[in-house]
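# Structural characterization, general
Listed below are the residues making up each chain.
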Amino acid sequence: MPTDWQRALAVVAHPDDLEYGCSAAIASWVDEGREIAYVLATRGEAGIDTVAPDECGPLREREQRASAAAVGVSVVEFLDHRDGTIEYGVSLRRDIAAAVRRHRPELVITLNHHTTWDGGVWNTPDHVAVGHATLDAVADAGNRWIFPELTEQGLQPWNGVRWVAVANSKNPTHAVPAGPGLERAVASLLEHRAYIEALTDEDPEAYVRRFLTDNTRELSARFGGQPAVVFELFNR
């Protein structure tokens, strides 16, 4: 992965997307003194079957803020699109372009935007919509004639994004060693305890450790034989 950058912006659909995807890399980057902010399209209010959305949204927001803090990230923003029914389109692109202009990153991180995961498992519409919109919004953010209302709001165009890194892509091209940040990644995902306890009967810590260990080892043979957080990297 490129190392000549200082600011990154991670844009995903739901609380827990980054923790399942790439928080071990984020923990390592924060340790190196880099600045990383999170932007989530939803508050994950439709994510727990046994908890109504008006209760679930604030719960999952609290879990996400604690999860981000576990890897050293203090800036967490929510765009308040509706969980489960995010639509790719102009409003989503505008909201993400505004975030890019606001944070002015050199690296943008998002989650797998392909219709399937590795192995052919179908991806969710929210992930696909947010991933595609993020790739497009990076270009939108640099064009003053797209969304001129953002300029009127004081958000000047930003053409400084040099890469978009797609975590958990089925077509990985780059990797970050997972080892240095893995324990904090485990702690970070464990902060989503209410979500995990609704998802599995397995002990939460055992589930989290097994999932992240297996996930970071899955493609290690392609990246020097060590556990890795993998990305599909797009240059700009």
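Structure report, in brief. Every value quoted in this text rests on a predicted model; they were computed, and no experiment measured them. (Residues numbered from 1 in each chain as written. Predicted model: local features only at pLDDT ≥ 70, side-chain atom pairs only at ≥ 80, totals over all residues. Heavy atoms only, no water.)

### As for the side chain of His113
In plain terms, the rule: Secondary structure elements follow DSSP: runs of H or I of four or more residues count as helices, runs of E of two or more count as strands, with numbering from the N terminus. When a residue's accessible area, from a 1.4 Å probe over protein chains only, is under 20% of the maximum for its type it is buried; when over 50% it is exposed; and in between it is partly exposed. Whether two residues are in contact is decided by their heavy atoms, any of which lying within 4.5 Å being enough.
Considering the arrangement of structural elements, one finds His113 in the loop between β4 (107-111) and α5 (125-141). Owing to a relative accessible area of 5%, His113 belongs among the buried residues under this scheme. Excluding its chain neighbours within four sequence positions, the residues that come into contact with His113 are His127, Val128, Gly131, His132, Leu135, Val166, Glu232 and Phe234.

### Some points on the sheet that holds strand β2 (residues 35-40)
Two orientations exist for strands paired in a sheet by backbone hydrogen bonds: parallel and antiparallel. The criterion, for reference: What makes two strands pair is DSSP finding at least two bridges between them. For helices, the axis comes from a line fit to the C-alpha atoms of the stretch in contact; other axes are also lines fit to C-alpha atoms, and the angle between any two N-to-C directions lies between 0 and 180 degrees.
The strand order across the open sheet formed by seven strands is β3-β2-β1-β4-β5-β7-β6, and the pairing between neighbours is mixed. Strand pairing shows two members of the sheet lacking a second neighbour, β3 (75-78) and β6 (174-177), which therefore form its edges. Taken pair by pair, the neighbouring strands of this sheet meet at an average axis angle of 25°, ignoring direction. Where α5 meets the sheet, it contacts β1 (7-12), β4, β5 (163-167) and β7 (228-235), and its direction lies at approximately 160° from that of β4.

### Some details on the environment of Asp49
Tracing the backbone shows Asp49 in the loop between β2 and α3 (53-70). Of the residues examined, Asp49 reaches a relative accessible area of 79% and is grouped as exposed. Sequence-wise, Asp49 and Thr216 are 167 residues apart; in three dimensions their C-alpha atoms are separated by 28 Å.

### Some details on the pattern of salt bridges
Rules: Note on definitions: salt bridges are taken to be side-chain nitrogens of Lys or Arg within 4 Å of carboxyl oxygens of Asp or Glu.
Inspection of the entire model under this criterion finds 14 salt bridges. Residue Asp140 is joined to Arg93 by a salt bridge in which the shortest nitrogen-to-oxygen separation is 2.8 Å. Placement of Asp140 in helix α5 and of Arg93 in helix α4 (residues 90-103) is noted, with a sequence separation of 47 residues between them. Here the two residues Asp140 and Arg93 agree in accessibility, since each one is buried. Each member of the salt-bridge network shares a partner with another, and the members are Arg43, Glu61, Arg65 and Asp80.

Any link to function would need more than the numbers given here.
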